[in-house]
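The primary structure of each chain is shown beneath.
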Amino acid sequence: MNRHIFLIGFMGTGKSTVARELARLSGTDVCEMDEQIEADNGMSIKEIFSRYGESRFRELETEMCRRFAELPPAVVSCGGGVAMRPENVALLKASGIVVLLKAAPETVYERVKDSDTRPLLNGQMRVDAIRDLMEQRRAAYESACDLAVDTDRKTPEEIAREILSEADGQTAKDA
């Protein structure tokens, strides 16, 4: 792999799971953006939201996006809101391929319903709330990606192989 593969998409679409599988298949490192932000700041995403607010968290995401240009190619699982900032999208596209993972709201609900680490869904863990938030982000996700992959009813390996096949095509087009 000669460029990063950035996985974007709504929470629960499989970014972390697929990132690990992509890294395994491609023999590269994996980076969990949210975990790296937590490690760099010594607190959880939930704590950052609570203590400093969403805007500070979004600034930390942008700082992380800037750092990727200086790092060797890896598979990066981005936080769900990274693609909401055009600056982030430009930074990601400059150093890699941006892949949108998609899933139905019902699938997302099943995957995240037992989590208490999703600040944007606190108090509204319902399919309709998920659908509404997904719709608010849909245009930004779609305009940010180089390719989109549906994760419903596919194994992580099937998704990863599809991405690698498509990413090879993207890299050939960019050359």
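Residues numbered from 1 in each chain as written. Predicted model: local features only at pLDDT ≥ 70, side-chain atom pairs only at ≥ 80, totals over all residues. Heavy atoms only, no water.

1. Some words on the pattern of salt bridges
Should the charged atoms of two oppositely charged side chains come close, the side chains can pair. Taken as a whole and assessed by the stated rule, the structure comprises 14 salt bridges. A salt bridge links Arg126 to Asp128; the shortest N-O distance between them is 3.0 Å. On the basis of relative accessibility, which here comes to 40%, the residue Arg126 falls in the partly exposed class. Residue Arg138 is joined to Glu142 by a salt bridge in which the shortest nitrogen-to-oxygen separation is 3.3 Å. (Salt bridge = Lys/Arg side-chain N within 4 Å of Asp/Glu carboxyl O. Buried < 20%, exposed > 50% of the residue type's maximum accessible area, 1.4 Å probe, protein only.)

2. Quick word on the packing of helix 3 (residues 45-52) against helix 4 (residues 54-67)
Contact pair helix 3 / helix 4: the axes reach a minimum separation of 7 Å and the direction vectors enclose 130°. If you check the angle between helix 3 and helix 4, you find them oblique. Side by side, helix 3 and helix 4 meet where Ile45, Ile48, Phe49 and Tyr52 of the first sit next to Glu54, Arg56, Phe57, Arg58 and Leu60 of the second. Each residue belonging to the contact of helix 3 with helix 4 can be placed in one class, and the counts come to six nonpolar, no polar and three charged. (Axes fitted to C-alpha atoms, helices over the stretch in contact; angles between N-to-C directions. Helix = DSSP H or I, 4+ residues; strand = E, 2+ residues; numbered from the N terminus. Parallel < 35°, antiparallel > 145°, perpendicular 65-115°, else oblique. Contact = heavy atoms within 4.5 Å. Nonpolar A, V, L, I, M, F, W, Y, C, P; charged D, E, K, R; others polar.)

3. Structural notes on the packing of aromatic side chains
All told, the structure shown has two aromatic pairs when counted by the stated rule. Measuring from ring centre to ring centre gives 5.4 Å for Phe6 and Phe68, while their planes differ by 70°; the resulting arrangement is edge-to-face. You can see Phe6 sitting in strand 1 (residues 4-8) and its partner Phe68 sitting in the loop between helix 4 and strand 3 (74-77), a full 62 residues away along the chain. Assigned by exposure class, Phe6 and Phe68 land together as buried. Aromatic pair Phe49 and Phe57: ring centres 5.2 Å apart, planes at 45°, arrangement tilted. According to the relative accessible area criterion, Phe49 is buried, its value standing at 16%. (Phe/Tyr/Trp six-rings, centres within 6.5 Å; stacked < 30°, edge-to-face > 60°.)

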